[in-house]
Amino acid sequence: MADVLLSALLPVVMKKAADRLLQQFGVIWGMEEKLEKLERTLSAILSVLGDAEQRQVKDPAVKRWLAALKDAVYEADDMSKRVRSFFSVHNPVWFRFKMGQKLKEIVQKIDEIAAERIRFGFTVTTQPQNRDRPQSHSYIDESNVIGREKDKEKIVKLLLDHDRNQNVAVLPIVGMGGLGKTTLAQFVYRDKRVEKHFQPLIWVCVSDEFDIAKLARAIIASATGTECQESNMELLQRRLREVVSGKRYLLVLDDVWNEDQAKWDELKTLLGTGGEGSRIIVTARNEQVSSIMGTLDAYLLKGLTEDDSWTLFRKRAFEEGAEEHQNLVSIGKEIVKKCGGLPLAVKALGSLMHSKSQKKEWLSVRDSEIWDMQVGEDGILPALRLSYSHLPSHLKQCFAFFVPYFRRIMR
Ligand SMILES: Nc1ncnc2c1ncn2[C@@H]1O[C@H](COP(=O)(O)OP(=O)(O)OP(=O)(O)O)[C@@H](O)[C@H]1O
Ligand SMILES: [Mg+2]
């Protein structure tokens, strides 16, 4: 498995491990310097991973080198987790000492592996700089949304239903990463009845930080169509209340991770001046988030049906208008079944199969042992792991697209 996901995950795993270790050891052990060096070493390794992943197929020595690297990186990650869980309960000096020693060993091991790369003479490639996930927005081409009509109807009904006791009701849409929560929220947002009923319509991608001032600025900007630069919190709260006051607005807070009740209460108070029938849709992976924020029962999103998954897969896998190979169709349907209705996986596999025209290639994906793997510690679904492992090295870079999905699962 040394070939799988290393270049995509190495920076993520290491960053987390380094952050955790720094938090616990910090300057006390002079670890800061060591970890900085480790980061530099890893970035040097990262620049040759693309080439190494390609060459390992033919060169067993490269394959062994990659396996050793992966082990060392996971060892560091594992250790940082142990440190974290231990420190939450105890804090004896001997444990710190032991872990400090262990960390030194790991740093040294990675150093040695890094030094060894020189003997392979790998080609250096630059890594994509920005691995952050792009911000979502409200626009969607509805013709690209497969299925979800029934989900949309149910949600529109909930939004338009008048519950006189609630001025501003909050509806969470909950489900795992890649299930289509954002897509469904966009689909609802663009519905004609919704557009007619609410004014203004506001879309805010929350993602990482639940920062009240930042969110207030984003809400004002989306509602008025003009950028808001206000930094004074007093003026900002006034502006925000003015924008929503007395209006029947719809606000989508997409991709929320905040579990801090107090922060939400603060924002909710400001939004509470909205007119009767105002609604807030919150999309979240985490039920805890939804229980803090929701005033209506959470909408628990399910996977796509097998038929809809197949429609999505085919659009990606086969040329439009081209005749589909009957023997590929039946294998494709079995592949789709294994994706369990997760649109992100269906899309990834569809795109993967687009590049393959041989029956044996389709069979090899269908029968891959990766399907039998459990969702790992790294949170990677077998379907996505599989689509990654089949990509040629240069395309693995594109996999950076998926990294944010994993990163979130790893939190
Ligand atoms: N019904 C659908 N039809 C076509 N494509 C879809 C559908 N639902 C989701 N997708 C596609 O699947 C991918 C993941 O969807 P989306 O971003 O909506 O998931 P999500 O649940 O919001 O994930 P996350 O928790 O990571 O935010 C996107 O590329 C999206 O275009
Ligand atoms: Mg989303």
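Residues numbered from 1 in each chain as written. Chains lettered and ligands numbered in written order. Predicted model: local features only at pLDDT ≥ 70, side-chain atom pairs only at ≥ 80, totals over all residues. Heavy atoms only, no water.

Visitor: Tell me about the overall build of the chain, and name the residues and values.
Guide: Summing up its helical and strand segments, the chain has 18 helices and five strands in all. Across the 411 residues in the chain, those meeting the buried criterion constitute 50%. Across the chain, the fraction of contacts at a sequence separation of at least 24, relative to all contacts at a separation of at least 6, is 78%. With an accessible surface of roughly 20500 Å², the chain has 49% of that area assigned to carbon and sulfur atoms. (Helix = DSSP H or I, 4+ residues; strand = E, 2+ residues; numbered from the N terminus. Buried < 20%, exposed > 50% of the residue type's maximum accessible area, 1.4 Å probe, protein only. Contact = heavy atoms within 4.5 Å. Areas by Shrake-Rupley, 256 points an atom, 1.4 Å probe, with all protein chains shown as cover.)

Visitor: Summarise the sheet that holds strand β4 (residues 278–284); cite the residues concerned and give the values.
Guide: Taken together, the five strands give an open sheet; going across it, the order is β2-β3-β4-β1-β5, and neighbouring strands pair in parallel fashion. Every other strand in the sheet has two partners, leaving β2 (201–207) and β5 (299–300) as the edge strands with one partner each. The pairing of strand β1 (residues 168–174) with β4 spans seven bridges and is classified as parallel. In the sheet register, P172 faces β4, and the bridge partner there is V282. Each of β2 and β3 (250–256) touches helix α8 (residues 212–224); the most contacted strand, β2, lies at about 150° to it. (Pairing = 2+ DSSP bridges. Axes fitted to C-alpha atoms, helices over the stretch in contact; angles between N-to-C directions.)

Visitor: Please give an account of the site of ligand 1 that cites residues and values.
Guide: Around ligand 1, the surrounding shell holds 20 residues, and the nearest of these are I146, K181, T182, T183 and R285. Between ligand 1 and L179 there is a distance of 3.2 Å, counted from an oxygen atom to a backbone nitrogen or oxygen. Within the contact set of ligand 1, an oxygen atom lies 2.9 Å away from a side-chain nitrogen or oxygen of K347. Contact with the protein chains removes 90% of the 630 Å² of surface that ligand 1 exposes when unbound. At the level of elements, α6 (181–189) and α14 (343–354) are the ones that each hand at least two residues to the shell around ligand 1. (Near = heavy atom within 4 Å. Polar contact = N/O pair within 3.5 Å; in protein donor to acceptor, adjacent residues only side chain to side chain.)

Visitor: Report on the nonpolar core, specifying residues and quantitative values.
Guide: One finds I155, L159, F313, I335 and W362 to be the most contacted residues of the largest nonpolar core, which totals 41 residues. No fewer than three residues from each of domain 2 (142–300) and domain 3 (303–411) sit in this core. (Core = buried A, V, L, I, M, F, W, Y, C linked by side-chain atoms within 4.5 Å. Domains from an automatic or database assignment.)

Visitor: Residues and numbers for unusual backbone geometry, please.
Guide: In this chain, Q199 is followed by P200 through a cis amide linkage whose omega measures 0°. You can see P200 is positioned in the loop between α7 (192–197) and β2. Although it is not a glycine, R148 adopts a positive phi angle of roughly 70°. Considering the arrangement of structural elements, one finds R148 in the loop between α4 (93–120) and α5 (149–160). The exposure class assigned to R148 is buried, which follows from its relative accessible area of 8%. In the Ramachandran plot, D255 falls in the positive-phi region, its phi being about 65° despite a non-glycine side chain. Inspection of the secondary structure assignment puts D255 in strand β3.

Visitor: Pulling in residues and values, what's your account of the pairing of β3?
Guide: Here is the key point about a regular strand: its side chains alternate between the two faces of the sheet. The element β3 is largely enclosed, with a buried count of seven among its seven residues. Both β2 and β3 contribute to a ladder of six bridges, which runs parallel. For W203, the partnering residue across the bridge sits in β3 and is V252. Across four bridges, β3 lies against β4 in parallel orientation. If you follow V252 over to β4, its bridge partner there is I281.

Visitor: Give a detailed account of helix α10 (residues 261–271), specifying residues and quantitative values.
Guide: Three or more residues of α10 are buried, namely W264, L267, L270 and L271. Buried residues in α10, looked at end-on, bunch into an arc of 125°, giving them a common side. In α10, the exposed residues that point more than 90 degrees away from the buried face are A262 and T269. For α10, the elements touching its buried residues are β1, α8, α9 (233–244), β3, β4 and α11 (287–293). You can read the cap of α10 off the contacts: a side-chain oxygen lies 3.0 Å from the backbone nitrogen of A262, and it is on D260. (Arc of directions from axis to C-beta.)

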